[in-house]
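# Commentary on secondary and tertiary structure
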Amino acid sequence: MAAYGQTQYSPTLQPAGPYTPYTHHTQGYSMPSYNIKTEDGLSHSPGQTGLLGYSNFSSTPPSQSLYSYSHTHGDPPTPGKDEGVPSRRGSDGKLRGRKRVSDPAPPLDSDIERVFIWDLDETIIIFHSLLTGTFSSRFGKDSSKAVSLGLWMEEMIFNLADSRLFFNDLEECDQVHIDDVASDDNGQDLSTYNFGSDGFQSPAGASSLCLGSGVHGGVDWMRKLAFRYRRVKEIYNTYKNNVGGLLASPKREEWLQLRREMEVLTDLWLTQALKALALINSRPNCVNVLVTTTQLIPALSKVLLYGLGSAFPIENIYSATKTGKESCFERVSQRFGRRAVYVVIGDGAEEEAVAKKKNMPFWRVSCRADLEALSHALELDYL
């Protein structure tokens, strides 16, 4: 992949601080000391770093690890706090000991200055490549172990999607965005609503009512569809920082074990992605947006199970399964406006091609070192 220099994207991307275009070298740079604690109860502590050299927006990864991590297993999250969930086939609880402060109101979409559009699979999380054997062969990992963990996560993703997120009802009624059918919702109180007996899956059924490019049905049926998406949104927002409370025992313990084993196998890939996401979220007027080719409900299940709920508000998650990524990118740019700067982060040819077409800088992630370099660039305000 050609390296995209700052000069090419100067109308689009203005770095926050001065630097030499293309490459920045830092001698003996020392990471600030802090811990990142995610909802899975794992504590991730960045360590010290030495010499770094990398090209901005280049496919050439750094040759050496940028950060060393001490990985400790913390206590599981306390049930009752918010937490997130992932998807199927294919907190905001403050850290303990800290003084609680009121969170400022999030900025309006029109006030956002920089939008980071992320791909999901093989960029933030490692999932599909575990099942295909690509990850193990590329990085010299135990292939049988990788496949086993991939199948285990796949079962958890689809179990959560089916049991709590209505995927059996919604699989053929997939939407790009959680609010796409909200206009059909009459606001009825759903606290005592019985989804199992409302006749949504009639003999004529969803297959004849949910057609390829959209959803078609009577007013009553569409309202029931909207109810399901509203409940999914409520569940996501309630448990995005406390997936353990959503899974309950013994699934909760299985999930914690799976997450730990996957982090060991992938050399803390997700930990590094979470660090970059947290750096972006800590900035005023910056936002993370997810555009994935996974169907919306399984994508939400993935996000929750991989502990990404605090990084992505549900309103910032888009499924490109039916429309393709270019259409989703267009929706995102219409939402946040032309004045915002857009940076695309991914591993695939589709998002790279769309980014180039729309003159958006593209940061390729082909290995964990690319995520480390991304975090470093964010810390130095180059992005």
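Residues numbered from 1 in each chain as written. Predicted model: local features only at pLDDT ≥ 70, side-chain atom pairs only at ≥ 80, totals over all residues. Heavy atoms only, no water.

As recorded by an unreviewed UniProt entry, the protein chain carries the name Eyes absent homolog and is attributed to Dicentrarchus labrax. The annotation that UniProt attaches to the protein chain under Sequence similarities (unreviewed entry) is "Belongs to the HAD-like hydrolase superfamily. EYA family." (UniProt positions renumbered as here; feature names shortened; annotations may be inferred.)

Across the sheet, five strands lie side by side as β10-β9-β6-β11-β12; this open sheet has parallel pairing. A strand with exactly one partner marks an edge of an open sheet, and here the two such strands are β10 (317–319) and β12 (362–364). For this sheet, the mean angle separating the axes of adjacent strands, direction not counted, is 20°. Sheet topology note: the strand β6 (residues 114–118)/strand β11 (residues 341–346) ladder contains five bridges and is parallel. Across the sheet, Phe116 pairs through a bridge with Val343, a residue of β11. Along the sheet, helix α9 (residues 269–281) makes contact with β6 and β9 (286–292), crossing β9 at roughly 135°. The sheet strands contacting helix α13 (residues 368–379) are β6, β11 and β12, and the helix crosses β12 at an angle near 140°. (Pairing = 2+ DSSP bridges. Helix = DSSP H or I, 4+ residues; strand = E, 2+ residues; numbered from the N terminus. Axes fitted to C-alpha atoms, helices over the stretch in contact; angles between N-to-C directions. Contact = heavy atoms within 4.5 Å.)

A few words on empty space enclosed by the protein. The space that makes up the largest cavity amounts to roughly 70 Å³. Around the largest cavity sit Ile125, Ile126, Arg259, Met262, Glu263, Thr266, Trp269, Leu270 and Tyr306, which together line it. Contributing elements (two or more residues each) for the lining of the largest cavity: α8 (251–265) and α9. (1 Å grid on protein atoms, 1.4 Å probe; cavity = no way out; pocket = protein on both sides within 12 Å on 5 of 7 lines; lining within 4 Å. Points joined across faces, edges and corners; volume = space filled by probe spheres on them.)

Direction vectors running N to C along helix α6 (residues 219–239) and helix α10 (residues 296–305) enclose 10°, while the axes themselves pass 11 Å from each other. The pairing of α6 with α10 is recorded here as roughly parallel in orientation. Residues Tyr229, Val232, Tyr236 and Tyr239 of α6 lie in contact with α10, whose contacting residues are Leu296, Ile297, Leu300, Val303 and Leu304. Considering only residue class, the contact of α6 with α10 consists of nine nonpolar, no polar and no charged. (Parallel < 35°, antiparallel > 145°, perpendicular 65-115°, else oblique. Nonpolar A, V, L, I, M, F, W, Y, C, P; charged D, E, K, R; others polar.)

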